[in-house]
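# Summary of structural features
What follows is the residue order along each chain.
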Amino acid sequence: VPNIILTPMCHPNIKLGPPSATAQELSTFLKDVVHASGCLNLTDLCPVPNRVAWVLYIDVVCLDHDGNLRDAAIAALIAALNSLRLPQVTFDEELEQISVSKSKSKLKILCNPVCCSYSVFHLESSEITSEENTLLADPTYAEEEVANSEISFVILEKGEICVTHQTGDRPISQTSMQLAIALATSQAAHIRKALKDLL
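This section reports on the structure supplied with the text. Just so we're clear, the structure is a prediction, and the values are computed from it rather than from any experiment.

## Concerning the nonpolar core
In globular proteins that are soluble, nonpolar side chains generally tend to be buried together. Judged by nonpolar contacts, the single largest core of 31 residues is most densely connected at Ile4, Leu6, Leu40, Leu81 and Leu107. Of all the secondary structure elements, the ones that give two or more residues to this core are β1 (2–6), α1 (21–37), β2 (58–62) and α2 (69–83). In contact with Leu40, other than residues within four places in its own chain, are Val34, Leu56, Leu81, Leu107, Lys108, Ile109 and Leu110.

## Looking at α2
For α2, which comprises 15 residues, the first-to-last C-alpha distance of 21 Å matches the rise-based estimate of 21 Å (1.5 Å per residue) to within 8%. Residues of α2 that are buried: Leu69, Arg70, Asp71, Ala73, Ile74, Leu77, Ile78, Leu81 and Asn82.

## A few points about the layout of surface pockets
Empty space within the largest pocket amounts to approximately 320 Å³. Grouping the constituent residues of the lining of the largest pocket by class yields five nonpolar, six polar and five charged.

## Quick look at the sheet that holds strand β5 (residues 114–122)
A sheet is described by the order of its strands in space; here four strands give the open sequence β6-β5-β7-β8, paired in antiparallel fashion. A single partner strand is all that each edge strand has here, and the edge strands are β6 (133–137) and β8 (161–168). When strand polarity is set aside, the average angle formed by the axes of neighbouring strands in this sheet is 20 degrees. The sheet contact formed by β5 and β6 spans five bridges and is antiparallel. Within β6, the residue paired with Tyr118 across the bridge is Ala137.

## Thoughts on the pairing of strand β7 (residues 149–155)
Of all seven residues in β7, seven are buried; the element is thus mostly enclosed. Because side chains alternate across β7, one face comprises the buried residues Ser149, Ile151, Phe153 and Ile155, and the other comprises Glu150, Ser152 and Val154, equally buried. Summarising the sheet, β5 and β7 pair through seven bridges and their orientation is antiparallel. Within the sheet, the bridge partner assigned to Val114 lies in β7 and is Ile155. Sheet analysis places β7 next to β8, joined by seven bridges and oriented antiparallel. When the sheet's bridge partners are listed, Ile155 is paired in β8 with Ile161. Between β7 and β8, which pair antiparallel in sequence order, lie five residues; one of them, Gly159, sits at a positive phi of approximately 95 degrees.

## As for the environment of Ala189
Examined against the element boundaries, Ala189 turns out to sit in helix α4 (residues 174–198). Placed 75 residues apart in sequence, Ala189 and Val114 show a C-alpha to C-alpha distance of 8.5 Å.

## As for a negative patch on the surface
Together, Asp92, Glu93, Glu94 and Glu96 make up a negatively charged patch on the protein surface. Tracing the sequence through the fold places Asp92 in strand β3 (residues 85–92). Relative accessible area serves as the criterion here: at 33%, Asp92 is assigned to the partly exposed category.

## Side note on the packing of α1 against α2
At a closest axis distance of 11 Å, the pairing of α1 and α2 adopts a crossing angle of 50 degrees. By the angle between their axes, α1 is oblique relative to α2. Crossing geometry of α1 relative to α2 is assigned as right-handed. Residue-level contacts link Glu25, Leu26, Phe29, Leu30, Val33 and Val34 of α1 to Leu69, Arg70, Ala73, Ile74 and Leu77 of α2. When its residues are assigned to classes, the contact of α1 with α2 shows nine nonpolar, no polar and two charged.

Rules and cut-offs
Residues numbered from 1 in each chain as written. Predicted model: local features only at pLDDT ≥ 70, side-chain atom pairs only at ≥ 80, totals over all residues. Heavy atoms only, no water. Core = buried A, V, L, I, M, F, W, Y, C linked by side-chain atoms within 4.5 Å. Buried < 20%, exposed > 50% of the residue type's maximum accessible area, 1.4 Å probe, protein only. Helix = DSSP H or I, 4+ residues; strand = E, 2+ residues; numbered from the N terminus. Contact = heavy atoms within 4.5 Å. Expected span 1.5 Å × (residues − 1). 1 Å grid on protein atoms, 1.4 Å probe; cavity = no way out; pocket = protein on both sides within 12 Å on 5 of 7 lines; lining within 4 Å. Points joined across faces, edges and corners; volume = space filled by probe spheres on them. Nonpolar A, V, L, I, M, F, W, Y, C, P; charged D, E, K, R; others polar. Pairing = 2+ DSSP bridges. Axes fitted to C-alpha atoms, helices over the stretch in contact; angles between N-to-C directions. Patch = residues over 30% accessible without salt bridge, like charges linked within 9 Å, V, L, I, M, F, W, Y side chains within 5 Å. Areas by Shrake-Rupley, 256 points an atom, 1.4 Å probe, with all protein chains shown as cover. Salt bridge = Lys/Arg side-chain N within 4 Å of Asp/Glu carboxyl O. Lys, Arg positive; Asp, Glu negative; His and termini not counted. Charge placed at Lys NZ, Arg CZ, Asp CG, Glu CD. Parallel < 35°, antiparallel > 145°, perpendicular 65-115°, else oblique. Left-handed = near helix turned anticlockwise from the far one by under 90°.

In structure tokens:
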């Protein structure tokens, strides 16, 4: 059960109270990534089939919201899953008792999805580029606020895209979409290597 927590400490625009629409949308995005990527085999969370199942609560707490929360949240989620150790569980059928040992084992992670996000600026005419859309990787909060739209790709190890997410009121051109996919695929390899070095 992934959940993202945005506190007033992380940005002046975040207020106290129930989870904001942004926090709820990001939590749904995290859940979609976990299911669509297939990074976990849910049967691995059942140490005793038909008797016991682990429930994982993954709370991603944002300490400093300076933009691009999707990429950071997915990286934190995958790092947390890779470092998770679960206690060994056994079931005595005669006594119908469950016992939990002190020894722990690593949860099997089937893949490590990586998210790459871009802010999209729709330019009517520009001397800089003939393309109507300009992509900005890893946008800050201020850049996200002035962008016309945002697009995120969640990419698996072999380069497959398992989740896409786009906001904004205007479509992205096919040329810009292909460029964004190519950039995201290349960027994902660098991010995955950095995460692997940390873990």
